[in-house]
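Structure assessment
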Amino acid sequence: MSEQRKIPVILDGDPGHDDAIAWTLAHASGRFDILAVTSCCGNQTIEKTTYNARRVCTLIGLDAPIGRGCPHPLITEPMNAPSVHGESGLDGPVLPEPVMDVSALGAVELMAKTLRESHEPVTIVATGPETNVAALLLAHPELKPKIKRISVMGGGIGFGNWTPAAEFNILVDPEAAKVVFTSGIPILMAGLDVTEKALILPEDFARIRAIGGKVCSIVAEWLEFFYIFHRNLGYAGAPMHDPCAVMALIHPEVFQMRDMYVAIETNGEYCKGTTVGDFFGTSGQEPNATCILGVDRQAFADRLVEAMEFYKEAEA
Ligand code: BDR
Ligand code: CA
């Protein structure tokens, strides 16, 4: 069987337990050429998510330039999620101190340089608020043709999590999400419709822990930490929000998807930050997003566990 071409990507996120697992999956899969990693302000302050990005890259041996993201959303004040991810933004297991520095370029300019220098269009995987990506599109619209697609964790066609209607990443910076969703660049949207179904169960943590080695034991602890928060809300496992945005690029067959037009509500008394999906095509607008709506949970869990085997060999 011929080797599949690697997908050139930029990973933009706010680690965050599920961001960290998404990046750990991306690196382990061997299916990506990870050209740059950028931090964004979301789960915690930009100082904390940048530090976490460096710690995660150090842990998993991901050697790519790291760009520090915008310190706040495009026009609103930052909003963080310590109740979910802790005060550090990545509470739980002790992580190694970073060995890699941040780039002299901030996230937006690092992304721009990366796109300019890439021979083929690059996929951006955005697993936090979309501030950096929007700032990139506003500052460098000429680089749009260099972006193949944007794989987003954000929103939900059916419901929200931080308000009844809005999901955290979109709610934090709805103006940025609007720039992204109206950019004309193909959007792959992993919203709550699918991510709430992509549960990793305690028996799956045990499979990852049983692989052995440092990275797998930390991934199992991240899962445990994330699960404890969600278990208190009645979940049977840890919802893998951000890993869906990576998994959908390499194993689309485990998901169900539907193209539709998605608008972003930037105001609204009840619906600020909502991704309004035109499920039945009533707006007459052409689809701007492929929305992931369902997943074969067992297959998703199996692919995640299998990918983690990479670290056993990498650490040997
Ligand atoms: C999203 O919010 C963050 O807490 C997670 O990292 C994920 O990106 C889920 O709503
Ligand atoms: Ca995230």
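Here's a quick rundown of the structure. Since the structure is predicted, the reported quantities are computational estimates derived from the model, not experimental observations.

Cut-offs and rules
- Residues numbered from 1 in each chain as written.
- Chains lettered and ligands numbered in written order.
- Predicted model: local features only at pLDDT ≥ 70, side-chain atom pairs only at ≥ 80, totals over all residues.
- Heavy atoms only, no water.
- Donors = N, O, S within 2.8 Å, 3.2 Å for Na, K, Ca; no water.
- Helix = DSSP H or I, 4+ residues; strand = E, 2+ residues; numbered from the N terminus.
- Buried < 20%, exposed > 50% of the residue type's maximum accessible area, 1.4 Å probe, protein only.
- Contact = heavy atoms within 4.5 Å.
- Core = buried A, V, L, I, M, F, W, Y, C linked by side-chain atoms within 4.5 Å.
- Near = heavy atom within 4 Å.
- Polar contact = N/O pair within 3.5 Å; in protein donor to acceptor, adjacent residues only side chain to side chain.
- Areas by Shrake-Rupley, 256 points an atom, 1.4 Å probe, with all protein chains shown as cover.
- Nonpolar A, V, L, I, M, F, W, Y, C, P; charged D, E, K, R; others polar.
- Pairing = 2+ DSSP bridges.
- Right-handed = clockwise from strand over helix to strand, strands pointing away.

The calcium ion (ligand 2) binds to the protein through D14 (OD), D19 (OD), D19 (OD), T127 (O) and D242 (OD); the donor distances cover 2.2 to 2.6 Å. Considered as a linear motif, the donors of the calcium ion (ligand 2) on their single chain read D-x4-D-x107-T-x114-D. On the criterion of sequence distance, the pair formed by D14 in the loop between β1 (7-13) and α1 (17-29) and T127 in the loop between β4 (122-126) and α5 (131-139) is long-range, its members being 113 residues apart. Each of the two residues, D14 as well as T127, counts as buried.

Turning to helix α4 (residues 107-117), a few remarks are in order. All buried positions along α4 are accounted for by A107, V108, L110, M111, A112, T114 and L115. Those residues of α4 that are buried lie in contact with β1, β2 (32-39), β3 (66-67), β4, α5 and β5 (147-153).

By size, the foremost hydrophobic cluster in this structure holds 68 residues, and its most contacted members are W222 and F255. Once residues within four sequence positions are removed from consideration, F255 is found in contact with V194, C244, M247, A248, I292, G294, V295 and F300. Core analysis: the next-biggest nonpolar cluster, separate from the first, contains 34 residues, I10, M111, A135 and I147 among them.

For the rest of this paragraph, the subject is the site of ligand 1. D18, D19, N43, H85, T127, M153, N161, E167, F168, N169, H241 and D242 make up every residue found near ligand 1. One of the side-chain N or O atoms of D18 is found 2.6 Å from an oxygen atom in ligand 1. Between ligand 1 and D19 there is a distance of 3.1 Å, counted from an oxygen atom to a side-chain nitrogen or oxygen. Within the complex, the protein chains bury 97% of what would otherwise be the 280 Å² of accessible surface of ligand 1. Contributions of two or more residues to the shell around ligand 1 are made by α1, α6 (168-172) and α11 (241-250). Grouping the amino acids of the shell around ligand 1 by side-chain chemistry returns 2 nonpolar, 6 polar and 4 charged.

The next subject is α5. Most of α5 sits inside the fold, with 7 of its 9 residues counted as buried. Buried within α5 are the following residues: T131, N132, V133, A134, A135, L136 and L137. Here the buried face of α5 lies against β1, β2, α4, β4, β5 and α7 (174-181).

Here the focus is the pairing of β1. Among the 7 residues in β1, 7 count as buried, and that is most of the element. Burial of β1 is two-sided: the residues I7, V9, L11 and G13 facing one way and the residues P8, I10 and D12 facing the other way are all buried. In the sheet, β1 pairs with β2 via 7 bridges, with the strands oriented parallel. Residue pairing in the sheet places I10 in a bridge with A36 of β2.

The subject of this paragraph is the pairing of β2. A large share of β2 lies buried, amounting to 6 of its 8 residues. With α1 bridging β1 and the parallel β2, this β-α-β connection has right-handed handedness. Note: β2 against β3, 2 bridges, orientation parallel. Paired with T38 across the two strands is G67, which belongs to β3. For the crossover that starts at β2, traverses helix α2 (residues 46-60) and ends in the parallel β3, the hand is right-handed.

Purely geometric numbers; function is a separate question.
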